[in-house]
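# Observations on chain architecture
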Amino acid sequence: MLQFTTVGQDYPEKRASGERASDFGEIARSFAVAKAEEQSSRCSQCGVPYCSTHCPLHNHIPDWLRLTAEGRLREAYELSNATSTMPEICGRICPQDRLCEGNCVIEFSGHGAVTIGSVEKFITDTAWEEGWVEPLTPGPARGQSIGVIGAGPAGLTVADLMRSHGYDVHVYDRHDRMGGLLVYGIPGFKLEKHVVQRRVDRLAAGGVVFHHGFEVGRDATLAELRTRHDAVVICTGVYKPRAIKAPGVGAAGVVEALDYLTASNRKGFGDAVPAYDDGTLNATGKHVVVVGGGDTAMDCVRTAVRQGAASVRCLYRRDRANMPGSQREVKNAEEEGVEFVWLAAPEAFHDSAGAVAGVQVTKMRLGEADASGRRAPEVDPAGGYRLDADLVVKALGFDPEELPRLFGAPALTVTRWGTVRIDHKSMMTSMDGVFAAGDIVRGASLVVWAVRDGRDVSERIHGWLKAKAKTAQREAA
Ligand code: FAD
Ligand code: SF4
Ligand code: SF4
């Protein structure tokens, strides 16, 4: 260990931008064993590891780095697996520069952080290859059941942990495939779909019952679902796209980011996608403008490149330093040919015979810091200009859907932002026995936080159900 003074920081090699921009495979190759051991050996084994403190799962990072450096990979896997239900997924898509790696002391000392995420991915990918990932073995049957609404990372984590405790677990999702945004939002070049599918398959083989195409609100009310299960947990994520208010926004060719990404992901699965085939949600040969500066916008621009767009521009109202998306993703996008137009916002959309033909852009500048501490963008009187575009993708982020109405559950209390209100100790909503976790509680966030919330809510539900079973036993005696 402590090799950071002699061994330089090294990430797994990225495929050349020209090569990777023509397919949807992940862009980075994997570490070879020797490289993973070498990179792990750079860790200085801090007594107070800031990397772990800033990992939402508080993963035992220095311990599994040491085991990896010593060639004890199976033990490293077991330790990594103890705190996370999907370490190889977080290792791929966490914004490590803002979490574990961004807080590694070696980074502060100028040597470059330990490449924690890449090692984490390597450990569990190896475990899958070597057959070390154990099947899900349910504990002794408890005779109690849980209904999980939503099969994203939060819902899958609950399913995994609660099934291990011996509960009957039913997961309801409105989609035909399980995984939530891991499947239909995040593109394959960040997270290949087989990586998610093997996790889902493991849960199904362990007895988790998946109800595909089951939309709560349409196929059952929340109250009906509650009568079927001893506890219900809402993990439905946030899906209402934020709107742009500008003249011409209704023109054909101005589309929602998630519709666009879902169509692309479905195409990757080989599904029939008429809106892709007829060109509505397909960037091939088009001049594309994506509006937004978060993860979703980054995924859209890079998807458009892979679909063979004639040009791809990303319009963002703040500057590079103040964008919410990961800097790593901006770099990847630039390497692949995306042009970023900073300090720019759409003022209007030009159309030709009802189809979008261009974006009228207003120049912006940064004013005073707002309540969040970020400098608020304001219109720069310097003026604007037109960008030609025949596909515009709106990627301004997501808000919660109106769950009490959709679920036929007026008793379900939400915050003024529409997120489900929970008691932060018990993680229970305003309805008895109904819990909630993930983006629907936090607002749009990260996969690793959804996993953490799934872990926390599982612990709370387990405690609540055990108490309930004890009371029932006492009353029966
Ligand atoms: P979701 O993953 O949204 O899953 C919710 C599930 O609930 C869905 O499957 C949905 O179909 C289902 N559902 C909703 N309503 C109902 C209903 N009424 N009945 C039945 N089922 C229902 N995070 C990162 O950490 N790294 C990234 O690189 C990253 N990239 C992203 C890219 C995009 C395009 C987007 C949109 C988000 C990205 N995120 C990223 C954020 C991350 O995906 C989310 O924070 C995370 O998936 C939230 O997990 P969740 O389980 O709460 O919800
Ligand atoms: Fe880092 Fe994310 Fe892994 Fe935590 S889960 S160690 S933040 S990559
Ligand atoms: Fe190792 Fe960096 Fe974590 Fe310290 S902060 S334990 S050096 S990975």
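This structure is a prediction, so every number in the text was calculated from the model and none was measured.

Attention now moves to the site of ligand 2. In the region of ligand 2, the neighbouring residues are Cys55, Asn59, Ile61, Cys90, Cys94, Gln96, Leu99, Cys100, Glu120 and Val448. Its residues assigned to classes, the shell around ligand 2 comprises seven nonpolar, two polar and one charged.

Close to ligand 1 lie 34 residues, the nearest being Ile93, Asp173, Lys190, Tyr239 and Asp439. Within the backbone of Leu181, an N or O atom sits 3.1 Å from an oxygen atom of ligand 1. Between ligand 1 and the protein, one listed contact pairs an oxygen atom with a backbone N or O atom of Val447 at 3.0 Å. Compared with its free state, where it exposes 1,000 Å², ligand 1 has 97% of that area covered by protein. Put simply, the parts of the chain that give the shell around ligand 1 at least two residues each are α9 (153–164), α15 (295–306) and α19 (447–476). The greatest single-element share of the shell around ligand 1, amounting to three residues, is contributed by α15. A breakdown of the residues in the shell around ligand 1 according to their chemical character gives 18 nonpolar, nine polar and seven charged.

Where helix α4 (residues 61–69) is concerned, the buried positions are Ile61, Pro62, Trp64, Leu65, Leu67 and Thr68. Packing partners of the buried residues in α4 comprise α2 (33–40), α3 (50–53), α5 (73–83) and α8 (116–130). At the exit of α4 stands Gly71, carrying a positive phi of roughly 80 degrees.

A few words on the domain arrangement of the protein chain. Where interface size is given, it is often the accessible area lost as the parts come together that is meant. Each assigned domain of the protein chain is listed here: domain 1 (3–130), domain 2 (145–238 + 400–476) and domain 3 (243–398). With centres defined by C-alpha atoms, the gap from domain 2 to domain 3 works out at 32 Å. Taken together, the 16 residues of domain 2 in the interface contact 14 residues of domain 3. Surface buried jointly by domain 2 and domain 3 totals about 1,300 Å² across both partners, of which 56% is contributed by carbon and sulfur atoms.

Further remarks concern a positive patch on the surface. A grouping of Arg142, Lys466, Lys470 and Arg474 is seen on the molecular surface, where their side chains present a positively charged patch. Looking at where Arg474 falls in the secondary structure, it is placed in helix α19.

Note that Thr415 resides in the loop between α17 (403–406) and β15 (434–436). Polar contacts involving the side chain of Thr415 include one to the side chain of Thr419, which spans 2.6 Å.

A word on the sheet that holds strand β10 (residues 344–352). Taken together, the three strands give an open sheet; going across it, the order is β10-β11-β12, and neighbouring strands pair in antiparallel fashion. Across the chains shown, the open sheet's two edge strands, defined by having one partner strand only, are β10 and β12 (375–388). The sheet shows a mean angle of 20 degrees between the axes of neighbouring strands, taken without regard to direction. As judged from the nine bridges shared by strand β11 (residues 355–369) and β12, these two strands associate in the antiparallel manner. Paired with Val361 across the two strands is Tyr385, which belongs to β12.

We now examine the sheet that holds strand β13 (residues 391–394). Across a sheet, paired strands are connected by hydrogen bonds in the backbone, their directions being either parallel or antiparallel. What the five strands build is an open sheet, ordered β6-β13-β7-β8-β9; its pairing is parallel. Pairing within the sheet leaves two strands with one partner each, and these edge strands are β6 (254–256) and β9 (339–341). Each strand axis lies, on average, 25 degrees off the axis of its neighbour in the sheet, ignoring direction. The sheet contact formed by strand β8 (residues 311–315) and β9 spans three bridges and is parallel. In the strand pairing of β9, Arg313 is matched with Glu339. Here α15 sits on the sheet in contact with β7 (287–291), β8, β9 and β13, set at roughly 170 degrees to β8.

Angle between the axes and distance between the axes are the two parameters that describe a pair of packed helices. One way to put it is that α15 packs onto helix α16 (residues 327–335) with a least axis distance of 10 Å and a crossing angle of 15 degrees. Between α15 and α16, the interaxial angle falls into the category roughly parallel. Once α15 is placed against α16, the crossing between them reads as left-handed. Only Glu329, Val330, Asn332 and Ala333 of α16 make contact with α15, whose side of the interface consists of Met298, Val301 and Arg302. Along the lines of polarity and charge, the residues of the contact of α15 with α16 split into four nonpolar, one polar and two charged.

Definitions and limits used
- Residues numbered from 1 in each chain as written.
- Chains lettered and ligands numbered in written order.
- Predicted model: local features only at pLDDT ≥ 70, side-chain atom pairs only at ≥ 80, totals over all residues.
- Heavy atoms only, no water.
- Near = heavy atom within 4 Å.
- Nonpolar A, V, L, I, M, F, W, Y, C, P; charged D, E, K, R; others polar.
- Polar contact = N/O pair within 3.5 Å; in protein donor to acceptor, adjacent residues only side chain to side chain.
- Areas by Shrake-Rupley, 256 points an atom, 1.4 Å probe, with all protein chains shown as cover.
- Helix = DSSP H or I, 4+ residues; strand = E, 2+ residues; numbered from the N terminus.
- Buried < 20%, exposed > 50% of the residue type's maximum accessible area, 1.4 Å probe, protein only.
- Contact = heavy atoms within 4.5 Å.
- Domains from an automatic or database assignment.
- Buried area = accessible area lost by both parts, 1.4 Å probe.
- Patch = residues over 30% accessible without salt bridge, like charges linked within 9 Å, V, L, I, M, F, W, Y side chains within 5 Å.
- Salt bridge = Lys/Arg side-chain N within 4 Å of Asp/Glu carboxyl O.
- Lys, Arg positive; Asp, Glu negative; His and termini not counted.
- Charge placed at Lys NZ, Arg CZ, Asp CG, Glu CD.
- Pairing = 2+ DSSP bridges.
- Axes fitted to C-alpha atoms, helices over the stretch in contact; angles between N-to-C directions.
- Parallel < 35°, antiparallel > 145°, perpendicular 65-115°, else oblique.
- Left-handed = near helix turned anticlockwise from the far one by under 90°.

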